[in-house]
Amino acid sequence: MTLTMYGIKNCDTIKKARRWLEEQGVAYQFHDYRADGLSEQQLRGFVELLGWQPLLNTRGTTWRKLDEAQRNACDNADAAIALMLAQPAIIKRPLLDDGNGHALLGFKTEQYQQFIAEVTA
């Protein structure tokens, strides 16, 4: 089992999550949305697991920079996927994926501990 963390390397939350994983000795790969890209197939898989609403970061600067028409048009999975593929910084992060149908969005120490215990059991 290989854990993959998806995100953007200069994100503060990503830095905290990566530091925590390293301190715990948890092996993982890092996938940068900007540098490594993200396929529509990958993103649709994450939408299936987690839903498009949780994946769409409506609290970040990328969302706030969109005009009102763009934000209002993002009202279904296909529109959200198109927007996330065009602007990967709008995807909530970190996204931790075990490659076996289990994923965790965001970073909270307790949730990471539980998630890692479950996927490595």
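Residues numbered from 1 in each chain as written. Predicted model: local features only at pLDDT ≥ 70, side-chain atom pairs only at ≥ 80, totals over all residues. Heavy atoms only, no water.

The name recorded for the protein chain in an unreviewed UniProt entry is ArsC family reductase, from Serratia rubidaea. Taken directly from UniProt, the Sequence similarities (unreviewed entry) text for the protein chain runs: "Belongs to the ArsC family." (UniProt positions renumbered as here; feature names shortened; annotations may be inferred.)

The next subject is unusual backbone geometry. Glycine aside, residues mostly have negative phi, and peptide bonds are mostly found in the trans state. Arg93 connects to Pro94 through a cis peptide bond whose omega is -5°. Within the secondary structure, Pro94 is located in the loop between α7 (77–86) and β3 (95–97). (Helix = DSSP H or I, 4+ residues; strand = E, 2+ residues; numbered from the N terminus.)

Moving on, we get to the sheet that holds strand β4 (residues 103–105). The sheet built from four strands is open, its strands ordered β2-β1-β3-β4 with mixed pairing. Strands with a single pairing partner mark the edges of an open sheet, and in this sheet they are β2 (28–32) and β4. Neighbouring strand axes in the sheet, compared pairwise and without regard to direction, differ in orientation by 20° on average. Here β3 pairs with β4 via three bridges, running antiparallel. Of the residues in β4, the one forming a bridge with Leu96 is Leu104. Those strands touched by helix α3 (residues 40–50) are β1 (3–7), β2, β3 and β4, and its axis lies near 90° from that of β3. (Pairing = 2+ DSSP bridges. Axes fitted to C-alpha atoms, helices over the stretch in contact; angles between N-to-C directions. Contact = heavy atoms within 4.5 Å.)

What the rule picks out here adds up to two salt bridges. In this structure, Glu40 and Arg44 form a salt bridge, with 2.9 Å as the shortest nitrogen-oxygen distance. Here Arg44 and Glu40 lie together in helix α3, a separation of four residues that amounts to about one turn. Residue Glu40 is classed as partly exposed on the basis of its relative accessible area of 40%. Between Asp78 and Arg44 there is a salt bridge whose closest N-O contact spans 3.0 Å. Of this pair, Asp78 sits in helix α7 while Arg44 sits in helix α3; the two residues are 34 residues apart in sequence, bridging distant segments of the chain. (Salt bridge = Lys/Arg side-chain N within 4 Å of Asp/Glu carboxyl O. Buried < 20%, exposed > 50% of the residue type's maximum accessible area, 1.4 Å probe, protein only.)

The subject of this paragraph is the side chain of Asp98. Within the secondary structure, Asp98 is located in the loop between β3 and β4. Within the buried core, Asp98 has no salt-bridge partner, and the shortest N-O distance to an opposite charge, that of Arg18, equals 18 Å. At 2.7 Å, the side chain of Asp98 forms a polar contact with the backbone nitrogen of Asn100. Within the structure, Asp98 has its side chain in polar contact with the side chain of His102 (distance 2.9 Å). (Lys, Arg positive; Asp, Glu negative; His and termini not counted. Polar contact = N/O pair within 3.5 Å; in protein donor to acceptor, adjacent residues only side chain to side chain.)

Moving on, we get to the nonpolar core. If you look at the biggest cluster of nonpolar residues, it comprises 23 residues, and the most contacted ones within it are Leu55, Leu56, Met84 and Leu95. Those elements that place two or more of their residues in this core are α3, α4 (52–55), α7 and β4. Broken down by element, this core gets its largest block of residues, four residues, from α7. Excluding its chain neighbours within four sequence positions, the residues that come into contact with Leu55 are Phe46, Val47, Leu50, Met84, Ile90, Ile91, Lys92, Leu95 and Leu105. Counting residues in each nonpolar core, the second largest holds 16 residues, with Cys11, Ile14, Trp20 and Val119 among its members. (Core = buried A, V, L, I, M, F, W, Y, C linked by side-chain atoms within 4.5 Å.)

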